[in-house]
Amino acid sequence: MGRVSRRAFAAAALSALTVMPTASAAARRPAGGGAAAGEMRGMWIAGVDNRDWPSAPGLSAAEQQAELTALLDTAVRYRLNTVMLQVRPTADALWPSPYEPWSQYLTGTQGRHPGWDPLGTAVAEAHARGLELHAWFNPYRIALHADPSRLVASHPARRNPDWVVPYGGRLYYNPGLPQVRAFVQEAMLDAVRRYPVDAVHFDDYFYPYPVPGQSFDDAAAYDAYGAGFPDRASWRRDNVNRLVREMAARIKEIRPGTQFGISPFGVWRNSDADPRGSDTAAGVQTYDDLHADTRRWARENWIDYICPQLYWHIGHTAADYATLLAWWAGVVRDARTRLYIGEALYKAGDPAQPAAWQRPAELSRHLTLAKRYPPVRGHVFFSAREVTADPIGAMSRVAADHYQRPAGPPYRAPVRVTGSWSPGA
């Protein structure tokens, strides 16, 4: 996910889930009064760099499946109801795609068949446990290195080198090329055609995060397609807007009922750049730096849900969790777009983090605060490795304080309406 929000993860100590019910018991979601009202209770399962799953490249098919089902069982133990599984980390696939190669994070070799169908199995196993499966795609990232020759020979990026922009030591597809936008859509929508995924999920990467002293070289594409825009930034935002709107429409055409959600970096714009922005001083703004107009997508109902990554503690000087929570609640108050909050479980207990993250109750405080804002419809935790390890007991504290009963599917969650709440509350 975001450059600022998901770097330098500390190794977490394992702790027992003694207060949690067994997976099989939690999976039997009682109807009626025995279940909590529908809300999002999710966790991300990241595949890039083998962050969460598989834990290492080259495991056997049986070992990979065992790790996957263990993560799903962990989600159920904590009474979560959704997993966001990364199925296209770097212009590759965790299913038999006709468009892109098998992911190297499965076998260690890009393009090598892993001996099973990870996405198909994940959908079936998640649904068997009462979990939603949101297929998590990264639209434009090709590789975490800048050497095209390291890609498998059949890779679309090698067959179409004019689609590729090296930047910051990595390779990206150029979002300014219409043929790129069409291709990445087809590559992602292949999974929607094949599998009954509950949602398509994007994270925070559109145009890449800024790298000091470097520029993203899309000048030729801008010359070819940028006429009519006042500047390159406006053209770039339009490129991303087109991707979002076209994906939203095509998902509904291919598999009606499938949701489309995006989890952006948590700051749209600081208020000193735009009076509509949040009272923050973040070093990254999605509108200006990633060319992602996340506020517009939410307010104009382009997507079904938005899950901003509010990866700061309550009281953070530059980006206060409480300030951003209220701001995002105000953004969606009159929209149909559902608001979920991305939570930085990975920071809990990390000695490199401020004192607030050394307190087991910090994340539970986030959920308590969020209950003051009716538009907030749930939370998603980054990420599965920390949900399993439960650093300093932070996840167990969340479950004990807030997830005492199972919850129905998040998309059925009713809007909580009160007469007293206002965006500035």
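Cut-offs applied
Residues numbered from 1 in each chain as written. Predicted model: local features only at pLDDT ≥ 70, side-chain atom pairs only at ≥ 80, totals over all residues. Heavy atoms only, no water. Helix = DSSP H or I, 4+ residues; strand = E, 2+ residues; numbered from the N terminus. Contact = heavy atoms within 4.5 Å. Core = buried A, V, L, I, M, F, W, Y, C linked by side-chain atoms within 4.5 Å. Buried < 20%, exposed > 50% of the residue type's maximum accessible area, 1.4 Å probe, protein only. Expected span 1.5 Å × (residues − 1). Bend = angle between axes of the 7 residues up to and from the residue. Pairing = 2+ DSSP bridges. Axes fitted to C-alpha atoms, helices over the stretch in contact; angles between N-to-C directions. Phe/Tyr/Trp six-rings, centres within 6.5 Å; stacked < 30°, edge-to-face > 60°. pLDDT = per-residue confidence, 0-100. Polar contact = N/O pair within 3.5 Å; in protein donor to acceptor, adjacent residues only side chain to side chain. Left-handed = near helix turned anticlockwise from the far one by under 90°. Nonpolar A, V, L, I, M, F, W, Y, C, P; charged D, E, K, R; others polar. Parallel < 35°, antiparallel > 145°, perpendicular 65-115°, else oblique. Salt bridge = Lys/Arg side-chain N within 4 Å of Asp/Glu carboxyl O.

Remarks on the overall build of the chain
Across its full length, the chain holds 14 helices and 11 strands. Contacts spanning at least 24 positions in sequence make up 76% of the contacts within the chain whose residues lie at least 6 apart.

Regarding the nonpolar core
Of all hydrophobic cores here, the largest spans 128 residues; its most connected members are Tyr 173, Phe 202 and Phe 260. Considering every element that reaches this core, the biggest residue donor is helix α11 (residues 321-332), with nine residues. In this structure Phe 260 touches Val 200, Phe 202, Val 244, Met 247, Ala 248, Ile 251, Lys 252, Ile 303, Asp 304 and Tyr 305, once residues within four positions along its chain are discounted.

Examining helix α6 (residues 178-194)
For α6, spanning 17 residues, the distance from its first C-alpha to its last is 25 Å, which sits close to the expected 24 Å at 1.5 Å a residue. Along its length, α6 shows its largest kink, about 25°, at Met 188.

Some details on the sheet that holds strand β6 (residues 170-173)
Strand order in the open sheet made by the three strands is β4-β6-β5, with antiparallel pairing throughout. Either end of the sheet is taken by a strand with one partner, and the two such strands are β4 (141-143) and β5 (164-167). Taken over all neighbouring pairs, the strand axes of this sheet differ in orientation by 35° on average, direction set aside. Pairing of β4 with β6, which is carried by two bridges, proceeds in the antiparallel orientation. Bridge pairing links Ala 143 to Leu 171 in β6.

As for the sheet that holds strand β10 (residues 338-343)
With parallel pairing, eight strands are arranged side by side around a closed barrel as β1-β2-β3-β7-β8-β9-β10-β11. Across two bridges, the pairing between strand β8 (residues 259-262) and strand β9 (residues 305-306) is parallel. Bridge assignment links Gly 261 to a residue of β9, and that residue is Tyr 305. The strands touched by α11 are β9, β10 and β11 (376-381); relative to β10, the strand with the most contacts, the crossing angle is about 160°.

Section: the packing of aromatic side chains
Applying the stated criterion across every chain, the model contains 25 aromatic pairs. A ring pair is formed by Tyr 222 and Trp 235, whose centres lie 5.3 Å apart and whose planes are at 50°; its orientation type is tilted. One end of the pair, Tyr 222, is in helix α7 (residues 219-225); the other, Trp 235, is in helix α8 (residues 232-254), and 13 residues separate them in sequence. For Trp 235, a relative accessible area of 1% gives the class buried. Here the aromatic rings of Phe 265 and Trp 312 are separated by 5.5 Å at their centres, their planes lie at 90°, and the arrangement is edge-to-face. You can see Phe 265 sitting in the loop between β8 and α9 (286-290) and its partner Trp 312 sitting in the loop between β9 and α11, a full 47 residues away along the chain.

Here's the deal with the confidence of the model for the chain
Per-residue pLDDT for the chain averages 91, and the proportion of residues at 70 or more is 88%. Counting contacts from residues 2-33, a segment whose pLDDT is below 50, to residues more than four positions away or on other chains yields 68 contacts. Here residues 413-425 is a poorly scored stretch, pLDDT under 50, and it has 26 contacts once near neighbours within four places are set aside; other chains count.

Things to note about the environment of Thr 107
Relative to the assigned elements, Thr 107 resides in helix α3 (residues 104-107). Expressed as a C-alpha distance, the spacing of Thr 107 and Pro 57, which sit 50 residues apart in the sequence, is 5.0 Å. In this view, Thr 107 contacts Pro 57, Gly 58, Arg 112, His 113 and Pro 114; residues no more than four positions away in its chain are not counted. Of the polar contacts made by the side chain of Thr 107, one reaches the backbone oxygen of Thr 109; its length is 2.9 Å.

So, the environment of Ser 263
Mapping Ser 263 onto the fold places it in the loop between β8 and α9. What makes Ser 263 buried here is its relative accessible area of 0%. Along the chain, Ser 263 and Tyr 205 lie 58 residues apart, while their C-alpha atoms are 9.3 Å from each other.

Description of the packing of helix α12 (residues 362-370) against helix α14 (residues 394-402)
The contact between α12 and α14 brings their axes to 8 Å, and the two run at 35°. With respect to the hand of their crossing, α12 and α14 are arranged in right-handed fashion. Facing Leu 363, Ser 364, Leu 367 and Thr 368 of α12, the residues of α14 in contact are Arg 397, Val 398, Asp 401 and His 402. When the residues that make up the contact of α12 with α14 are grouped by side-chain class, the tally is three nonpolar, three polar and two charged.

Brief notes about the packing of α6 against α8
Relative to each other, α6 and α8 sit at 30°, their axes nearing to 11 Å. Overall, the two elements α6 and α8 adopt an arrangement that is roughly parallel. Regarding α6 and α8, the two cross each other, and that crossing is right-handed. Where α6 approaches α8, its residues Arg 181, Val 184, Gln 185, Glu 186, Met 188, Leu 189, Val 192 and Arg 193 are matched on the opposing element by Asn 239, Arg 242, Leu 243, Glu 246, Met 247, Arg 250, Ile 251 and Ile 254.

A look at the pairing of β5
Regular strands show a simple pattern: their side chains alternate between the two faces of the sheet. In terms of strand pairing, β5 meets β6 through four bridges, oriented antiparallel. For Pro 166, the partnering residue across the bridge sits in β6 and is Leu 171. The turn joining β5 and β6, which pair antiparallel and follow one another in sequence, is formed by two residues; a positive phi near 60° is taken by Gly 168.

Looking at the pattern of salt bridges
Applying the stated criterion across every chain, the model contains 22 salt bridges. Linking Arg 250 and Glu 186 is a salt bridge whose minimum nitrogen-to-oxygen distance equals 2.2 Å. Of this pair, Arg 250 sits in helix α8 while Glu 186 sits in helix α6, and the two are 64 residues apart along the sequence. Between Glu 300 and Arg 296 there is a salt bridge, with the nearest N and O atoms lying 3.3 Å from each other. When its relative accessible area of 42% is taken as the criterion, Glu 300 is described as partly exposed.

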